[in-house]
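The residues making up each chain are set out below.
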Amino acid sequence: MQIHRYEKAFLGISVVLLIGFMGALFYSAFGMGIMLPTDEGQIDPAAVRTTPPFDSPGVRETAPGKYEVVMIGQAWAFVPNEVRVPAGAEVTFVGTSTDVLHGFGIEGTRVNMMLVPGQISRLTYTFAQPGEHLIICHEFCGLGHHVMYGKVIVE
Ligand code: CUA
């Protein structure tokens, strides 16, 4: 059987691309720790404000060097709007939404999750350096989407 050399070249390119994409996938999953969300828990979106831990949003120390940031996304703000965490500490963000789908991304980090009504999202991150990071809603959530942001201050 004769394979045309162009055909051979295209076959070769597809194999190289496949290997490249697989490599990128493995690197993002195991090198950078980017994973699909897991089922963290469910919550009644209408009762978020009275369901722990969302009845008292904010930062709390759960163990030495470990912090939990409980945050609610709602149209069109993050509650609380500003949090302070120490540099080098293990910070777990726990969030949900009271109304529609919101995004939760922290500028300059790999923190990126969705705040889904009825679902609890959880993600752990360590801020190595002190500084300020914007929290942005990256999912279009209505008229005020562009003013929905918050701030993480790393001290
Ligand atoms: Cu909330 Cu966009």
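Residues numbered from 1 in each chain as written. Predicted model: local features only at pLDDT ≥ 70, side-chain atom pairs only at ≥ 80, totals over all residues. Heavy atoms only, no water.

A. Quick look at the sheet that holds strand β9 (residues 131-136). Taking strand neighbours across the sheet as the criterion, the five strands line up as β4-β10-β9-β6-β7 in an open arrangement whose pairing is mixed. The open sheet is flanked by β4 (82-85) and β7 (112-115), the only strands paired with a single partner. Averaged over all pairs of adjacent strands, the angle between strand axes in this sheet comes to 20°, irrespective of strand direction. Two strands pair when backbone bridges link them, and strand β6 (residues 102-106) and β7 are joined in this way by four bridges, in the antiparallel orientation. Bridging from a neighbouring strand, Gly-103 pairs with Met-114 of β7. (Pairing = 2+ DSSP bridges. Helix = DSSP H or I, 4+ residues; strand = E, 2+ residues; numbered from the N terminus. Axes fitted to C-alpha atoms, helices over the stretch in contact; angles between N-to-C directions.)

B. Just helix α1 (residues 5-31), in detail. When the terminal C-alpha atoms of α1 are compared, their 37 Å separation across 27 residues agrees well with the 39 Å that a helix rising 1.5 Å per residue should span. The positive-phi residue at the C-terminal boundary of α1 is Gly-33, with phi of around 70°. (Expected span 1.5 Å × (residues − 1).)

C. Seen up close, the environment of Val-91. With respect to the element layout, Val-91 can be found in strand β5 (residues 90-97). Counting along the chain gives 56 residues from Val-91 to Val-147, while the straight-line C-alpha distance between them is 25 Å. Contact partners of Val-91, with chain neighbours within four places excluded, come to Tyr-67, Val-69, Val-85, Leu-123, Thr-124, Tyr-125 and Phe-127. (Contact = heavy atoms within 4.5 Å.)

D. Region of the structure containing the domain arrangement of the protein chain. Partitioning the protein chain into structural domains gives domain 1 (1-34) and domain 2 (38-154). Look at where the C-alpha atoms of domain 1 and domain 2 centre, and you get two points 37 Å apart. (Domains from an automatic or database assignment.)

E. Spatial organisation of unusual backbone geometry. For the peptide bond that leads from Pro-52 to Pro-53, omega is 0°, which places it in the cis range. Of note, Pro-53 is situated in the loop between α1 and β1 (58-63). Cis geometry is found at the peptide bond from Ala-75 to Trp-76, where omega equals 0°. Among the secondary structure elements, Trp-76 is positioned in the loop between β2 (66-74) and β3 (77-79).

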